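Next come the chains, spelled out residue by residue.
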Amino acid sequence: MAHADIDFRKASRAALKDPQLRANFRRAMDGLMSKRAAQFADSAEWHGMRALGASVRLRALSKLPELLEKLEENCTRNGITVHWASTTDEANAIVLEIMLRVNAKLAVKGKSMVSEEMHLNAFLEKHGIEAIEADLGEYIIQLDHEMPSHIIMPAIHKNTKQIAQLFREKIKEAEYTEDVDQLTGLARRVLRKKFMNADVGISGVNAAVAETGTLCLVENEGNGRMVTTVPPVHIAVMGLEKVVEKLEDVPPVLSLLTRSATAQPITTYVNMITTPRKPGEKDGPREIHLVILDNGRSKIYADEELRHTLRCIRCGACMNHCPVYTRVGGHAYQATYPGPIGKILIPQIEGLGTRGAMPHACTMCNACVEICPVQIPIAGLMNRLREEAVHASPAVKDAGAQASKAEALVWKGWAATFSSPTAYRMATTVLSAVGNAAPASLPLLKEWTSVRAKPRFAGRTLHDLARDRGIPDV
């Protein structure tokens, strides 16, 4: 997206001025945070589980090339066809080729952030293939032609009244109702027909087990199970980082995922897919295809510090606790992955040239670090990307693209001022006088004064004030 930095700032300001959006998010986030806290009430268990989850992900990343080869070998042995895609264009082309080969006209999709990353729905629509989202939240935003606002709860930015109005406008013969059960039932009736008539089912992957060639998916609505069993062809798409080494690694990861994401000890459905339908079996797809997407991940993996980005299990907890995300919402980021994880992943995938503002939309409060179930040092990675944005290096795409000669000159002046006590006192005296005299309507001040009073500057250092009070220098 061109000029994404400018759009991000503009969208953020618009979100902050939308009281309904902020109310929707505030209500949802408060509930999610309190329920998640109840799931990890035992502090010792929480720290132990986090350490275990982090070790599982770190071990997998330390052996990533080897595990991916092993995954392909075991999936192929099980009858699953494995495809490799360097870019989203390649991944889309692979999916299209499979669908054209089976003459598919309709695909039903389980929830998949990688398919969102690929913009798969729009791509298939251009080629005359209908792709319908089967997850309720994804179905809602698809009806409204929006992108997900949250990686776990895509329609979290909408309230019941907004969804009721949307259903009445978009679903034929739907009557207006704010009864949640009736709205869910209406969507279920529409989607059930799609399941039965679909030529292909498309899903994501929560974890792929190299040891057994098993694809693991968790969900609550049953749509994932329908997508992966009813259509004759199943296509699973995953980022290459989703591989784990052993089957025994799956339970701790899924426990952390479900408790962090939806505050459940376990989801309603845990799907373990290892083979297509075997002779004599009554259900299941005849073909299973696994598309493994790179899209910049191998470049991220090449840097020993930045590869920690790939630990993410997509629980969304960092978003729920982020003071920036909870106020501006997911759409302000205009990215597949919003919130703290998006602010370190998207700039590395798409480049700092267009996404250099994202790492700066952070207070460095460390809430995301403290809540991450696999201990990703998000704030540290955010700071690294801020540095990469202004210093050219081969580590990150478009590194140095945000460099500014004016900013560099300002920092040199700052360094010179703070290295000289005399220069510092002179500067603070002048700046405090100018700041106190400046009208609150100035562009540099109005963002502050629109919500709080303009502060008065003392014009004296803390050392000066302490000395006046008889406090000796330490």
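Residues numbered from 1 in each chain as written. Predicted model: local features only at pLDDT ≥ 70, side-chain atom pairs only at ≥ 80, totals over all residues. Heavy atoms only, no water.

Enquirer: Before we go on, may I ask you to explain the pattern of salt bridges in this structure?
Expert: Opposite charge on two side chains permits them to pair, given that their charged atoms come into close proximity. Tallied over the full model, the rule gives 19 salt bridges. Linking Arg26 and Asp30 is a salt bridge whose minimum nitrogen-to-oxygen distance equals 3.0 Å. Of the two residues, Arg26 and Asp30 both sit in helix α2 (residues 19–39), 4 residues apart, roughly one turn of that helix. Its relative accessible area of 30% is what places Arg26 among the partly exposed residues. Close ionic contact of Arg77 with Glu73 constitutes a salt bridge, the shortest N to O distance being 3.1 Å. Taken together, the residues Arg77 and Glu73, both in helix α4 (residues 64–78) and 4 residues apart, mark about one turn of the helix. Under the relative-accessibility criterion, Arg77 is labelled exposed at 55%. In this structure Glu73 comes out as partly exposed when scored by relative accessible area, which is 46%. One continuous salt-bridge network, built from bridges that share partners, spans Arg59, Lys63, Glu245 and Asp249. (Salt bridge = Lys/Arg side-chain N within 4 Å of Asp/Glu carboxyl O. Helix = DSSP H or I, 4+ residues; strand = E, 2+ residues; numbered from the N terminus. Buried < 20%, exposed > 50% of the residue type's maximum accessible area, 1.4 Å probe, protein only.)

Enquirer: When you look at the sheet that holds strand β9 (residues 269–273) in this model, what are you seeing that I'm missing?
Expert: Paired through backbone hydrogen bonds, the strands of a sheet run either parallel or antiparallel to each other. With mixed pairing, 4 strands are arranged side by side in an open sheet as β8-β5-β6-β9. Every interior strand has two partners, whereas the edge strands, β8 (243–244) and β9, have only one. Here strand β6 (residues 214–219) runs beside β9; their pairing, made up of 5 bridges, is antiparallel. Bridging from a neighbouring strand, Leu215 pairs with Ile273 of β9. (Pairing = 2+ DSSP bridges.)

Enquirer: Honestly, the sheet that holds strand β2 (residues 106–109) in this entry has me stumped. Any pointers?
Expert: Reading across from one edge, β1-β10-β7-β4-β2-β3 is the order of the 6 strands in this open sheet, with parallel pairing throughout. Both edges of this open sheet fall to β1 (80–85) and β3 (130–133), since each of them pairs with a single strand only. Within the sheet, the average angular offset between the axes of one strand and its neighbour, ignoring direction, is 20 degrees. Both β2 and β3 contribute to a ladder of 4 bridges, which runs parallel. Counted as the bridge partner of Lys109 is Glu133 from β3. Taken strand by strand, α4 contacts β1, β7 (233–239) and β10 (287–293), and its axis lies near 145 degrees from that of β1. Set on the sheet, helix α5 (residues 88–101) makes contact with β1, β2, β4 (200–203), β7 and β10; between it and β10 the angle comes to about 170 degrees. (Axes fitted to C-alpha atoms, helices over the stretch in contact; angles between N-to-C directions. Contact = heavy atoms within 4.5 Å.)

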